[in-house]
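# Understanding the architecture of this molecule
Residues per chain are reported as follows:
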Amino acid sequence: MEGIDFEALQHMARPEIFDFEGITMIPPFTDNWENVQNFQARPDDILIATYPKAGTTWASYILDLLYFGNRAPERQTSLPIYMRVPFLEMCFPGFPAGVDLANNLTTRPRLIKTHLPVQLVPKSFWEQNCRVVYVARNAKDNAVSYFHFERMNRGQPDPGDWNTYLQNFMDGKKVFGPWYDHVNGYWEKKQTYSNLHYMFFEDMVEDTGREVEHLCSFLGLSTPKEEREQVTKNSHFDAMKQNKMTNYSTIPVMDFNVSPFMRKGKVGDWKNHFTVAQNDQFDEHYKQRMKNATVQFRTEI
Ligand code: A3P
């Protein structure tokens, strides 16, 4: 694949976390900071923002299909999703920087992905009044998914065992900072910034078609029902897992023998991971951490 140095990626050592602008980060997401912060958004750019493992790829693919599924069908078979929807702050040696990928996009609108907490989003997105699609996922399933992702991805810090990992998650010592502040930050932003569509992973699993319809309304798209149904079908977990352009099998830092990128796609998998004691402790901590929050999550559907 053009611009990717497979050799360099295969031999990459796991990065170390450090404190950056008040959150935990790793160098591959801060090394290009000036260019990220100075990124010039255009009014029709669409920013897909999430805490890692909340359903970014799913939402990205839905948006890509809605805009380009029929307009540019060759995209669907030739370009992996991470090239179609650049990850803005990403800057791994051996991989084109997200900012460059975004600047080189020739499509309109440009679909751009970020995991940055709301306060670190480059200001041009707000100045240009860009549409922002935020996907949030309940903390327990989000934590489980992130744990397996860190296990299988050498581009991430080592998560340690599940118990250590969970404590770090609760302490906010995960890359891109605390889940709690992330989901609340965008929720609060939505109260004053009307071009932000806040979605929930659980709603998407419950009724993808309904969520695609809501997304179309937000985007001002009059996509016909049959096309929307096609998008819903093509973005189903099983279809995306089979699809080499969406399942991340083309990225050499991920070891699918440890855990596949398209792992389970379920609500409630946390029950297979949390012990009773961990669950009690997590719930207690959650109550404290979210005591002023108005956003509500479902941990089962
Ligand atoms: P699990 O690890 O729980 O399976 P992200 O794209 O933000 O990295 O999120 C990845 C998570 O979203 C993974 O969760 C993955 O399986 C899930 N996912 C991706 N596409 C999905 C789909 N079409 N339906 C349901 N879940 C999906």
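Below, the structure is looked at part by part. (Residues numbered from 1 in each chain as written. Predicted model: local features only at pLDDT ≥ 70, side-chain atom pairs only at ≥ 80, totals over all residues. Heavy atoms only, no water.)

Time to look at the site of the ligand. The environment of the ligand is made up of 18 residues, and the closest members are T56, T57, S145, K264 and G265. R263 has a polar side-chain atom sitting 2.8 Å from an oxygen atom of the ligand. Measuring from an oxygen atom of the ligand, one finds a backbone N or O atom of G265 at 2.7 Å. Bound to the protein, the ligand loses 97% of the 570 Å² it would expose on its own. Contributing elements (two or more residues each) for the shell around the ligand: helix 3 (56–68) and helix 14 (237–242). Classifying every residue of the shell around the ligand by side-chain character gives seven nonpolar, seven polar and four charged. (Near = heavy atom within 4 Å. Polar contact = N/O pair within 3.5 Å; in protein donor to acceptor, adjacent residues only side chain to side chain. Areas by Shrake-Rupley, 256 points an atom, 1.4 Å probe, with all protein chains shown as cover. Helix = DSSP H or I, 4+ residues; strand = E, 2+ residues; numbered from the N terminus. Nonpolar A, V, L, I, M, F, W, Y, C, P; charged D, E, K, R; others polar.)

The next subject is helix 8 (residues 139–152). For helix 8, with 14 residues, the first-to-last C-alpha span of 20 Å sits near the 20 Å given by 1.5 Å per residue. Where burial is concerned, most of helix 8 is hidden: 13 out of the 14 residues are buried. Between a side-chain oxygen at the N-terminus of helix 8 and the backbone nitrogen of K140 the separation is 3.1 Å; the capping residue is N138. (Expected span 1.5 Å × (residues − 1). Buried < 20%, exposed > 50% of the residue type's maximum accessible area, 1.4 Å probe, protein only.)

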